[in-house]
Amino acid sequence: MTDASETDGQRTMNYGKEQVAVYRTFGTSLEGMRTIPESQFTGRDNTIFGAEVRVQVEGEAFLPSFSEGDNSMVVPTDTMKNFIHHHLGEYDGATLEGFLHFVGEGFLEQYPQMDAIRVSADELPFDERPVPGEDGFESSELVFRVADRESGFGEVYLDRSEDAAIQEHTSGVTGIELVKVKDNSFVGYVQDEYTTLPERENRTLYVTLDIFWTYADAEDALGEDPERYVPAEQVRDIAQVVFDEFDVNSIQDLIYRIGERTLERFPQLESVSFEANNRTWLKVRDDLEGDAKVLREPPRPTGFQQFSMDRSDLERDAE
Ligand SMILES: O=c1[nH]c(=O)c2[nH]c(=O)[nH]c2[nH]1
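Labelled according to an unreviewed UniProt entry, the protein chain appears under the name Uricase, originating from Halobellus rubicundus. Under the UniProt heading Catalytic activity (unreviewed entry), the note attached to the protein chain is "urate + O2 + H2O = 5-hydroxyisourate + H2O2". Under the UniProt heading Sequence similarities (unreviewed entry), the note attached to the protein chain is "Belongs to the uricase family."

Structural data, given as structure tokens:
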């Protein structure tokens, strides 16, 4: 993610380090969250935790490093990497966002020349693996699968007002990929001389989703009060349950319903936003018995949808 942080009128001036992968074993477990009907998720042991971190710092004091080659205020990005590594060992909380905030505060404390800092990360996920135990299979406490699946996301932006206040924050879950094998339509769209797509009452819908959310009170994102924390796993599970429940007429329709459900379940959230991609396979054969089909990968190009919503959308829907 890039942004144009302004520190001097229209000037962009920042620097930092990205792709800082760091792992921690035997961290503090995340427990005590509320459960929701859509999810079996009740907590994370954090026996193994990984994150790929990005840090971006701002400060007027860095101007001479750009304009005069004067590095006297420059904290090397290599040092930033070491600082991140070290602080995962010092963090005693249980969430990605909490760690990012802890690191960000640490940077502002250690380096007075930094006016503000943006810290973000993607979780590097691991899955528990079942091994035979005394009462059937149970999760191994030692061996984990390096997982290629959706992962948690967090970002905080801190400055020096009010003791390293959180000026901006985003939490999320990215890389969700879901396929629903029937009961999806895409009909009723504009038809004109350019239209070739046939209306489909029942397509196999394959969608990728990144979901992001913000809290009304940014402190809730840190997970210190687990009852007010929204785990990425529960939002992921809302997405699949809503997809299962509704016969949607488009991806637009699907993400709106996921957003509604997420805001309903978590009153502490202010907004939810989506980036969706359509990867729907193309039909090769539908002359088989029942709903069976043979499908193939779609060619490029791909369609996408972006949408953000907040509590005013729930109020409008209730009218
Ligand atoms: O869910 C969809 N939304 C669209 O806007 C669209 N456009 C398209 O060609 N296929 C789809 N599918």
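Back to the write-up after that little detour.
Caption draft 1: Geometry of the environment of Q56. Secondary-structure assignment places Q56 in strand β4 (residues 48-58). Only 2.7 Å separates the side chain of Q56 from the side chain of R54, close enough to count as a polar contact.

Caption draft 2: Up close: the sheet that holds strand β10 (residues 205-215). Spatial ordering of the open sheet is given by β3-β4-β5-β8-β9-β10-β11-β14, a layout of 8 strands whose pairing is antiparallel. Edge positions in the sheet fall to β3 (15-25) and β14 (304-310), since each of these pairs with one other strand and no more. On average, each strand axis in the sheet is inclined to that of its neighbour by 15°, with strand direction left out of account. The pairing of strand β5 (residues 116-123) with strand β8 (residues 151-159) spans 7 bridges and is antiparallel.

Caption draft 3: Structural context of the site of the ligand. In the vicinity of the ligand, the residues found are F186, L197, R203, S250, I251, Q252, N278 and Q305. One of the side-chain N or O atoms of R203 is found 2.8 Å from an oxygen atom in the ligand. The side chain of N278 places a nitrogen or oxygen atom 3.4 Å from a nitrogen atom of the ligand.

Caption draft 4: View of the nonpolar core. Core analysis: the biggest nonpolar cluster contains 37 residues, and V207, L209, I211, W213, I258 and F274 have the highest contact counts within it. Among the elements of the structure, β9 (166-180), β10, α4 (232-245), α5 (251-265) and β11 (269-278) are those that each provide at least two residues to this core. When residues no more than four places from it in sequence are discounted, the contact partners of V207 are I176, E177, L178, F243, I251, L254, A276 and N277. In terms of nonpolar packing, the next biggest core, distinct from the first, is built from 31 residues, V57, Y91, L96 and V103 among them.

Caption draft 5: The packing of aromatic side chains, seen in detail. Under the counting rule described, the total for this entry stands at 11 aromatic pairs. Considering the side-chain rings of F186 and Y189, the 4.6 Å spacing of their centres and the 20° angle between planes classify their relative orientation as stacked. What makes F186 partly exposed here is its relative accessible area of 23%. The buried category is assigned to Y189, whose relative accessible area is 18%. It is R257 that lies over the ring of F246; its NZ or CZ is 4.3 Å from the centre.

Caption draft 6: Region of the structure containing the packing of helix α2 (residues 77-90) against helix α3 (residues 96-110). At a minimum axis separation of 10 Å, α2 and α3 run at an interaxial angle of 125°. Overall, the two elements α2 and α3 adopt an arrangement that is oblique. In the crossing of α2 with α3, the sense of the turn from one axis to the other is right-handed. On α3, the residues touching M80, F83, I84, H87, L88 and E90 of α2 are F99, F102, V103, G106, F107 and Q110.

Rules of the game
Residues numbered from 1 in each chain as written. Predicted model: local features only at pLDDT ≥ 70, side-chain atom pairs only at ≥ 80, totals over all residues. Heavy atoms only, no water. UniProt positions renumbered as here; feature names shortened; annotations may be inferred. Helix = DSSP H or I, 4+ residues; strand = E, 2+ residues; numbered from the N terminus. Polar contact = N/O pair within 3.5 Å; in protein donor to acceptor, adjacent residues only side chain to side chain. Pairing = 2+ DSSP bridges. Axes fitted to C-alpha atoms, helices over the stretch in contact; angles between N-to-C directions. Near = heavy atom within 4 Å. Core = buried A, V, L, I, M, F, W, Y, C linked by side-chain atoms within 4.5 Å. Buried < 20%, exposed > 50% of the residue type's maximum accessible area, 1.4 Å probe, protein only. Contact = heavy atoms within 4.5 Å. Phe/Tyr/Trp six-rings, centres within 6.5 Å; stacked < 30°, edge-to-face > 60°. Lys NZ or Arg CZ within 6 Å of the ring centre and 35° of its normal. Parallel < 35°, antiparallel > 145°, perpendicular 65-115°, else oblique. Left-handed = near helix turned anticlockwise from the far one by under 90°.

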